[in-house]
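If you want the building blocks of each chain, they are given just below.
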Amino acid sequence: MGRTSVVEARKPESIGQRALVQGWVRTRRDSKAGFSFLEVNDGSCMSNLQIIADGSLPNYESEVKRLTAGCSVSAYGEIKSSGGQGQATELLAERLQVHGWADPETYPLQKKRHSFEKLREWAHLRPRTNTFGAVARVRNCVCRSIHQFFQQRGFLYVHTPIITASDCEGAGEMFRVTTLNLEDLPRKDGRIDHTLDFFDRPSYLTVSGQLEAEIFATALGNVYTFGPTFRAENSNTSRHLAEFWMIEPEMAFYELTDNMDLAEQFLKQVCRDVREQCDEDIQFFHDRIDNTVLPTLDAILEHDFVRLPYNEAIEILERSGQTFEFPVSWGSDLQSEHERFLTEQQFRRPVILHDYPRTIKPFYMRVNDDGRTVRAMDVLVPKVGEIIGGSQREERLDVLEARMLEQQLRPEDYWWYLDLRRFGTVPHAGFGLGLERVLQFITGMANIRDVIPFPRTPGNAEF
Ligand code: 4AD
Ligand code: MG
């Protein structure tokens, strides 16, 4: 007989059906009348299914009465209507099989609540908690919504490489990929001889799939890539990971305003889908994690995002009367305290900041006529700050080459990227959304390490 999930078994329509429910015991309560209540969870939803195990079961004394949190069981029986609070159904077990015990002396997830820091040490067990089960379900929903959003608009999903020789962001924060013997590096003229390495040249884990996405956009129109990206920035913050997932759409014939329109529709659709499809989990985050989760989601759906030129943002911040840890002036990059001031206090909604100084943005962004700014856009949201970074791309060959030199990049290393401007160049634009940042925003989870199954941060790569 096939397994019935807890989410199915909890529906009133299931009453009267026979079902096999399988999962992990959360609690056991024995009644004086000679039977036990088991709360069983199988991850299909946050709620448990109550299972009634009667004293007449053959293994009642020998096994059922020894069940504790974490034990795995199969229960077969009829789904009945339940008089219990918060549940329409329960399962009256006719057979109850124990698959695995979990010694209450050593199983870490007992009734006591653990801090999220502590749970990070048990990355192999934390998916069994309410919070991390909910994070996993919401993460899945967001990914489904992302693919649907682009697929419904005819975007092609392209797979860009994970190993690359080019630094897209030009920031030099890349992990090296090599098969050279680090204990005994081959040298030529006093320098490491990269021609003997696996790829004949220095290679890295990618920081972004954008450059390769541009190759496909300038052939196929609208594309997106969605994969893991890696940054060796040594920033131990609640918003940075060394390995994170990024969604990067790239659109031919798009200019900056088209790019902003798409980014806004995209974020709204993802929030709408989560709101509709993850009701129970979102309610949990609102009640237990951050009581601004629901109003924040609703506000995103109700209001247009603010669109604010960088120049004006600097003026607002300078006039704000706030004392910031990092003072602002034209030409400086915004820190998260500034981003949060704009989204949480000044406007109380997402802000798309655009046209940043050229000196603080990568080489590929299109230079404006003023010569000082580039067609960049960052989407900033309350609580998290920057969630999307994007731009219109520089499609003029000479300007792009000059920008590369300005940023100490060698145009010859990017000959293929420059070819896209040599042959049939078009205006185009794109952006990158950090998956974990959007999950932080939606769930209210304060630390980015708690919205990815296995966080990679400085000093952490065990599981
Ligand atoms: O602003 P970023 O660096 O932009 C790019 O990589 C572009 N190539 C994207 C594009 O235009 N196709 O990164 C984009 C987003 C950020 O806004 C943030 O949400 C996320 O990626 N991000 C990180 N998330 C977690 N940990 C980190 N270390 C991150 N760095 C960036
Ligand atoms: Mg950025």
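Criteria and thresholds
- Residues numbered from 1 in each chain as written.
- Chains lettered and ligands numbered in written order.
- Predicted model: local features only at pLDDT ≥ 70, side-chain atom pairs only at ≥ 80, totals over all residues.
- Heavy atoms only, no water.
- Helix = DSSP H or I, 4+ residues; strand = E, 2+ residues; numbered from the N terminus.
- Buried < 20%, exposed > 50% of the residue type's maximum accessible area, 1.4 Å probe, protein only.
- Contact = heavy atoms within 4.5 Å.
- Areas by Shrake-Rupley, 256 points an atom, 1.4 Å probe, with all protein chains shown as cover.
- Lys, Arg positive; Asp, Glu negative; His and termini not counted.
- Charge placed at Lys NZ, Arg CZ, Asp CG, Glu CD.
- Core = buried A, V, L, I, M, F, W, Y, C linked by side-chain atoms within 4.5 Å.
- Axes fitted to C-alpha atoms, helices over the stretch in contact; angles between N-to-C directions.
- Nonpolar A, V, L, I, M, F, W, Y, C, P; charged D, E, K, R; others polar.
- Near = heavy atom within 4 Å.
- Polar contact = N/O pair within 3.5 Å; in protein donor to acceptor, adjacent residues only side chain to side chain.
- Salt bridge = Lys/Arg side-chain N within 4 Å of Asp/Glu carboxyl O.
- Patch = residues over 30% accessible without salt bridge, like charges linked within 9 Å, V, L, I, M, F, W, Y side chains within 5 Å.
- Arc of directions from axis to C-beta.
- Phe/Tyr/Trp six-rings, centres within 6.5 Å; stacked < 30°, edge-to-face > 60°.
- Pairing = 2+ DSSP bridges.
- Domains from an automatic or database assignment.
- Buried area = accessible area lost by both parts, 1.4 Å probe.

Remarks on the overall build of the protein
In terms of helices and strands, the protein carries twelve helices and 18 strands. The dimensions of the protein, computed from C-alpha atoms along their principal axes, are 85 × 55 × 45 Å. Considering the protein as a whole, with its 463 residues, one finds that 51% of them fall into the buried category. Partitioning the intrachain contacts of the protein with sequence separation of at least 6 by distance along the chain shows that 67% fall at a separation of at least 24. Total accessible area on the protein stands at roughly 22000 Å², and carbon and sulfur atoms take up 48% of it. Where the 54 positive side-chain charges of the protein centre and where its 68 negative ones centre are 5 Å apart.

With respect to the nonpolar core
Residues Val 142, Ile 282 and Ile 442 are the most contacted members of the largest nonpolar core, which totals 56 residues. Grouped together as the second largest cluster of nonpolar side chains are 34 residues, Phe 324, Tyr 356, Leu 380 and Leu 409 included.

Here we look at the packing of helix α7 (residues 293-302) against helix α12 (residues 435-443)
At a minimum axis separation of 8 Å, α7 and α12 run at an interaxial angle of 115°. Together, Val 293, Thr 296, Leu 297 and Ile 300 of α7 and Phe 441, Ile 442 and Thr 443 of α12 make up the contact between the two elements. Class assignment for the residues of the contact of α7 with α12 results in five nonpolar, two polar and no charged.

Examining the site of ligand 1
In the vicinity of ligand 1 there are 25 residues, among which Glu 169, Gln 210, Arg 231, Glu 248 and Glu 386 approach most closely. A distance of 2.8 Å separates an oxygen atom of ligand 1 from a polar side-chain atom of Arg 231. Backbone polar atom of Gly 434 to an oxygen atom of ligand 1: 3.3 Å apart, as the coordinates give it. For ligand 1, whose accessible area on its own is 630 Å², the fraction buried by protein is 93%. Contributing elements (two or more residues each) for the shell around ligand 1: β13 (243-252), β17 (385-392) and β18 (428-434).

Section: the pattern of salt bridges
Pairing is possible between side chains that carry opposite charge, provided their charged atoms lie close to one another. Summed over the entire model, instances satisfying the criterion amount to 29 salt bridges. For Glu 78, the salt bridge is made with Lys 80, and the minimal N-O distance between the two is 4.0 Å. Residue classification places Glu 78 among the partly exposed residues on the basis of a relative accessible area of 23%. Each of Asp 261, Glu 264, Lys 268, Asp 304 and Arg 307 takes part in one network of salt bridges that share partners.

Focus: a nonpolar patch on the surface
Taken together, the side chains of Leu 156, Ile 215, Phe 216 and Leu 220 make up a nonpolar region of the molecular surface, amounting to roughly 330 Å² of accessible area. Here the nonpolar patch takes three residues from helix α4 (residues 210-220), the largest share from any one element. Mapped onto the elements of the fold, Leu 220 is located in helix α4.

Some remarks on the environment of Ser 238
Relative to the elements of secondary structure, Ser 238 occurs in the loop between β12 (222-230) and β13. Its relative accessible area of 32% is what places Ser 238 among the partly exposed residues. For Ser 238 and Arg 437, which are 199 residues apart along the polypeptide, the C-alpha to C-alpha distance reads 10.0 Å. Look past the residues within four positions of Ser 238 in its chain and what remains in contact with it is Gln 440, Ala 446, Asn 447 and Ile 448.

Quick word on helix α8 (residues 310-319)
Residues of α8 that are buried: Tyr 310, Ala 313, Ile 314, Ile 316 and Leu 317. With its buried residues spanning 160° around the axis, α8 presents them on a single face. The elements touched by buried residues of α8 are β14 (306-309), α9 (336-346) and β15 (351-357).

Brief notes about the packing of aromatic side chains
Under the defined criterion, the tally for this structure stands at 19 aromatic pairs. Ring geometry for Phe 198 against Phe 199: centres 4.8 Å apart, planes inclined by 70°, an arrangement best described as edge-to-face. What makes Phe 198 exposed here is its relative accessible area of 58%. By relative accessible area, Phe 199 is classed as partly exposed at 36%. Judged by centre distance (5.4 Å) and plane angle (40°), the rings of Tyr 310 and Tyr 356 are tilted.

Observations concerning the side chain of Thr 4
Tracing the sequence through the fold places Thr 4 in the segment before α1 (6-9). Excluding its chain neighbours within four sequence positions, the residues that come into contact with Thr 4 are Ala 9, Ala 19, Leu 20, Val 21 and Asp 42.

Digging into the sheet that holds β17
Paired through backbone hydrogen bonds, the strands of a sheet run either parallel or antiparallel to each other. An order of β6-β12-β13-β18-β17-β16-β15-β14 is seen for the eight strands of this open sheet, with the pairing classed as mixed. One side of each edge strand has no neighbouring strand; the edge strands of this open sheet are β6 (156-157) and β14. For β15 and strand β16 (residues 373-381), the ladder comprises six bridges, and the chain directions are antiparallel. Note that in β16 the partner of Val 351 across the bridge is Leu 380. Strands in contact with helix α3 (residues 130-152) are β6, β12 and β13; relative to β12, the strand with the most contacts, it is inclined by about 150°.

Some remarks on the domain arrangement of the protein
Put simply, an interface is often sized by how much accessible area is lost when its parts join up. For the protein, the assigned domains are domain 1 (6-100) and domain 2 (127-171 + 207-450). Computed over C-alpha atoms, the centres of domain 1 and domain 2 are 45 Å apart. Taken residue by residue, the interface counts eight residues in domain 1 and eight residues in domain 2. Approximately 650 Å² of surface area, both sides summed, lies buried where domain 1 meets domain 2, with 41% of it carried by carbon and sulfur atoms. Counting across the domain 1 and domain 2 interface gives zero salt bridges. Inspection of the region where domain 1 meets domain 2 yields five residue pairs in polar contact (both at pLDDT 80 or more). The residue makeup of the side of domain 1 that touches domain 2, split by class, is three nonpolar, four polar and one charged.

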